[in-house]
2 protein chains.
Amino acid sequence: MIDLCLLGCGGYQPLPYRYLTSLLVRCNGSSLLIDCGEGTQIAMKQKGLSFRQIDTICFTHYHGDHIAGLPGMLLTIGNSERMEPVTLIGPKGLEHVVRSLCVIAPELPFDLKYVEITENEQTFKAGSLQLKAFKVNHRVLCYGYSVSLNRTGRFDPERAKANNIPLRYWSVLQKGGTVESGGRILTPDMVLGPARKGLKVTYTTDTRPTRSIVENAAGSDIFICEGMYGDDSMKQKAVEKKHMLFSEAANMAAQAGVGEMWLTHYSPSLVRPEEYLNNARAIFLPTYAGKDGKSRVLNFDDEE
Amino acid sequence: MIDLCLLGCGGYQPLPYRYLTSLLVRCNGSSLLIDCGEGTQIAMKQKGLSFRQIDTICFTHYHGDHIAGLPGMLLTIGNSERMEPVTLIGPKGLEHVVRSLCVIAPELPFDLKYVEITENEQTFKAGSLQLKAFKVNHRVLCYGYSVSLNRTGRFDPERAKANNIPLRYWSVLQKGGTVESGGRILTPDMVLGPARKGLKVTYTTDTRPTRSIVENAAGSDIFICEGMYGDDSMKQKAVEKKHMLFSEAANMAAQAGVGEMWLTHYSPSLVRPEEYLNNARAIFLPTYAGKDGKSRVLNFDDEE
């Protein structure tokens with residue numbers, strides 16, 4: 001199960017009723033936060049979400065509207081009695097930017113681990129989740145993220161027998177363990193059928209449309225994508241500022257074949273995004289306007 | 001005229017319905033902001049206040065809840081088309097702290113002027129306002145601020161005549177100008193009666209009670225003072241954390257003989273400050289619980 005919460009859906013500036021774009025992904029007692037602009041901690045409090053469980057914070061890039069809330073967030077996590085390290089993941093420059101911001105949070109009760117992305121595409125573990133960063137196209141170095149929860153195959157006793165696995169090891173192998181027995185290494189694939197469909201969420205903001213987004217969003221249950229401007233007449237501005245139109249996001253969603261798309265990172269000038277939703281829905285019908293606090297629990301197919 | 005707005009009234013952490021303590025003082029088209037925690041810019045937007053007019057930002061100290069909102073605030077001021085410099089005033093370390101935080105706001109369209117407080121008490125000009133910083137007693141170096149709008153005496157033609165001021169200079173001297181005439185320097189005091197009562201506001205937070213507060217708050221129309229804890233049984237915690245009880249704030253207000261007191265910088269654990277208001281009112285009756293957005297226009301006595 002993955003529990004998603006789009007904490008805010010604004011771009012550039014936090015507004016009274018629209019916090020900055022940020023996504024909280026919860027899975028098996030561990031939380032992963034992507035982007036942390038000014039006010040993200042307030043948005044979390046508004047939803048009653050736990051700070052103590054935040055194990056990982058990822059940044060798409062270091063413009064203020066995606067990271068200015070970090071020192072306050074770390075202080076509040078510190079105040080939640082967390083002692084375990086928090087892993088920070090982001091483009092090159094991560095440690096310099098975070099250490100500079102932490103001039104006002106010099107004594108945290110937990111360690112920070114810095115993981116700088118060095119490749120165009122790079123994968124990480126975050127608790128039970130697989131995390132993949134992929135480079136997008138903004139005015140500064142910027143990444144999108146896919147978060148996946150993989151699902152192993154069903155237990156297959158015929159396969160276990162065919163592989164001569166002693167009965168006493170079936171359970172441990174089924175649960176993902178590895179066993180050494182009689183000079184053999186027994187692994188889970190020896191007792192499991194083919195992997196089943198897992199869960200996948202892709203988040204990208206502050207970018208022009210790119211092939212990397214289409215490729216990495218492919219197969220996502222939910223694709224959360226910036227929609228800075230709703231009106232197609234804003235195309236030139238979108239190109240200049242390296243942002244996106246609703247219709248451009250929808251084209252990518254259609255190409256990637258995602259389950260549904262949530263738009264986010266609206267321009268402060270875009271007061272009622274839903275008025276432009278048809279510009280996206282004409283291209284990709286299951287498009288929804290992200291809203292502060294929009295949440296979804298994703299379950300494996302037969303575990304609804 | 002001074003126009004005050006207590007933008008928030010929280011301490012430690014911004015909450016969904018309580019922004020962090022910050023005061024905006026507007027006078028003659030110039031705005032002065034004291035403290036700028038995370039969310040202060042959202043509080044300003046909620047009240048529809050102009051960012052372009054912020055000429056001065058003062059800091060009491062550099063704990064995150066008083067300064068974490070600065071980079072976002074500066075970016076938003078920059079977005080308001082301001083080109084004129086913004087003056088920053090605060091305790092020693094100001095430039096280091098601000099430059100570190102501005103790692104995410106590297107290209108502002110205006111200059112920052114840094115004014116570090118070097119004395120226990122120090123005065124500054126901020127537009128038409130007189131600003132005085134005075135040292136208080138917190139876990140780190142911390143200052144309170146008094147903001148005054150002085151008022152000259154009435155125009156006194158008898159005095160002008162007695163000083164042999166030519167009629168043609170009366171108006172310019174009355175308006176505060178200085179004139180050289182026939183080898184004499186003519187100054188406003190030569191045509192004005194005694195100074196009249198001006199306006200004064202004092203703001204102090206994150207401190208134990210001090211003599212400096214009582215002395216500097218004396219004669220204030222409004223005294224805005226931290227009230228971290230309402231319940232007198234929290235005394236020991238207040239002493240340890242170097243904060244204040246409502247009753248301690250009220251004692252200072254009474255000693256200073258202020259017009260009225262607004263409490264602010266409540267502990268997040270203090271959900272309903274008004275329930276403890278009587279602890280202050282028993283000592284100083286005109287005590288009010290500060291609320292987000294609490295505003296007041298102060299006029300000279302006969303200009304209501």
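Below, the structure is looked at part by part.

What counts as what
- Residues numbered from 1 in each chain as written.
- Chains lettered and ligands numbered in written order.
- Predicted model: local features only at pLDDT ≥ 70, side-chain atom pairs only at ≥ 80, totals over all residues.
- Heavy atoms only, no water.
- Core = buried A, V, L, I, M, F, W, Y, C linked by side-chain atoms within 4.5 Å.
- Buried < 20%, exposed > 50% of the residue type's maximum accessible area, 1.4 Å probe, protein only.
- Contact = heavy atoms within 4.5 Å.
- Least-squares fit on C-alpha atoms with pLDDT ≥ 70 in both.
- 1 Å grid on protein atoms, 1.4 Å probe; cavity = no way out; pocket = protein on both sides within 12 Å on 5 of 7 lines; lining within 4 Å.
- Points joined across faces, edges and corners; volume = space filled by probe spheres on them.
- Helix = DSSP H or I, 4+ residues; strand = E, 2+ residues; numbered from the N terminus.
- Nonpolar A, V, L, I, M, F, W, Y, C, P; charged D, E, K, R; others polar.
- Pairing = 2+ DSSP bridges.
- Axes fitted to C-alpha atoms, helices over the stretch in contact; angles between N-to-C directions.
- Salt bridge = Lys/Arg side-chain N within 4 Å of Asp/Glu carboxyl O.
- Phe/Tyr/Trp six-rings, centres within 6.5 Å; stacked < 30°, edge-to-face > 60°.
- Lys NZ or Arg CZ within 6 Å of the ring centre and 35° of its normal.
- Arc of directions from axis to C-beta.

### So, the nonpolar core
Membership of the largest hydrophobic core comes to 64 residues, with the highest contact counts inside it found for Ile57(A), Phe59(A), Met73(A), Ile57(B), Phe59(B), Met73(B) and Leu74(B). What Met73(A) contacts, discounting residues up to four positions off in sequence, is Leu33(A), Cys36(A), Thr40(A), Gln41(A), Met44(A), Phe51(A), Ile54(A) and Ile57(A).

### Some details on the relation of the copies chain B and chain A
Of the transformation placing chain B onto chain A, the axial shift is 0.0 Å and the rotation is 180 degrees, giving an RMSD of 0.1 Å. Accordingly, the operation relating the two chain copies is best matched by a two-fold axis. A share of 100% of the interface residues of chain B reappears at the interface of chain A, consistent with the copies meeting face to face through the same patch.

### Things to note about empty space enclosed by the protein
As enumerated under the stated definition, the model contains 2 cavities of 30 Å³ or more in all. Its boundaries defined by the atoms lining it, the largest cavity holds a volume of some 60 Å³. Lining the largest cavity are Gln41(A), Gly72(A), Leu75(A), Thr76(A), Tyr12(B), Gln13(B), Pro14(B), Leu20(B), Glu38(B), Gly64(B), Asp65(B) and Ala68(B). Every element with two or more residues in the lining of the largest cavity is listed here: helix H3 (70-79) of chain A together with helix H2 (64-67) of chain B. At 3 residues, H3(A) tops the list of elements feeding residues into the lining of the largest cavity. When its residues are assigned to classes, the lining of the largest cavity shows 5 nonpolar, 5 polar and 2 charged. Put simply, the second largest cavity is a space of about 30 Å³. Together, Cys27(B), Ser30(B), Ser31(B), Leu32(B), Ala126(B), Gly127(B), Ser128(B) and Leu129(B) line the second largest cavity.

### Let's talk about the sheet that holds strand S2 (residues 22-27) of chain A
Residue and element names in this part refer to chain A. The 7 strands lie next to each other as S6-S5-S4-S3-S2-S1-S16, forming an open sheet whose pairing is mixed. Where the open sheet ends on each side, the last strands, each with one partner, are strand S6 (112-116) and strand S16 (294-298). Across the sheet, the mean angle from the axis of one strand to that of its neighbour is 15 degrees, orientation sign disregarded. Across the sheet, H3 touches strand S3 (30-34), strand S4 (54-58) and S6, and the angle it forms with S4 is around 175 degrees. Most of the contacts of helix H4 (residues 94-101) go to S6, to which it runs at about 145 degrees, and overall it touches strand S5 (86-90) and S6.

### Points about the environment of Glu274(B)
Checked against the element boundaries, Glu274(B) lands in the loop between strand S14 (260-264) and helix H10 (277-281). For the pair Glu274(B) and Leu23(B), spaced 251 residues apart in the sequence, the C-alpha separation amounts to 20 Å.

### Let's talk about the sheet that holds S14(B)
Sheet strands pair via backbone hydrogen bonds, and the direction of the pair is either parallel or antiparallel. All names here are of chain B. The mixed open sheet is built from 7 strands, whose spatial order is S7-S8-S9-S12-S13-S14-S15. Edge positions in the sheet fall to strand S7 (121-126) and strand S15 (287-289), since each of these pairs with one other strand and no more. Within this sheet the neighbouring strands show an average axis-to-axis angle of 20 degrees, counted without direction. Where strand S13 (residues 222-226) lies against S14, 5 bridges are found, and the strand directions are parallel. If you follow Glu226 over to S14, its bridge partner there is Thr264. Sitting on the sheet, helix H9 (residues 246-256) touches S13 and S14, and the angle it makes with S13 is about 150 degrees.

### What about the pattern of salt bridges?
Under the criterion given, the structure shown has 26 salt bridges over all chains. Across the salt bridge formed by Glu121(B) and Lys132(B), the nearest N and O atoms sit 3.0 Å from each other. With Glu121(B) in strand S7 and Lys132(B) in strand S8 (residues 129-135), the pair connects residues that are 11 residues apart, well separated along the chain. Residue Glu274(B) is joined to Lys291(B) by a salt bridge in which the shortest nitrogen-to-oxygen separation is 3.9 Å. Taken together, the positions of Glu274(B) in the loop between S14 and H10 and Lys291(B) in the loop between S15 and strand S16 (294-298) put the pair 17 residues apart, joining distant regions of the chain. Through salt bridges that share partners, Arg208(A), Lys235(A) and Glu248(A) make up one connected network.

### Structural notes on the packing of aromatic side chains
All names here are of chain B. For the structure shown, the criterion picks out 6 aromatic pairs over all chains. With a centroid separation of 6.4 Å and an interplanar angle of 55 degrees, the aromatic rings of Phe59 and Tyr62 are classed as tilted. The buried category is assigned to Tyr62, whose relative accessible area is 14%. Over the aromatic face of Trp262 sits the side chain of Lys294, whose NZ or CZ is 4.7 Å from the ring centroid.

### Some points on H4(A)
Of all the positions in H4(A), only Leu94(A), Val97(A), Val98(A), Ser100(A) and Leu101(A) are classed as buried. In a view along the axis of H4(A), the buried residues occupy a sector of 160 degrees, so they form one face of it. Facing away from the buried side of H4(A), by more than 90 degrees, are the exposed residues His96(A) and Arg99(A). Lining the buried residues of H4(A) we find helix H2 (64-67), H3, S5 and S6 of chain A together with helix H4 (94-101) of chain B.

These figures come from the coordinates and say nothing about function on their own.
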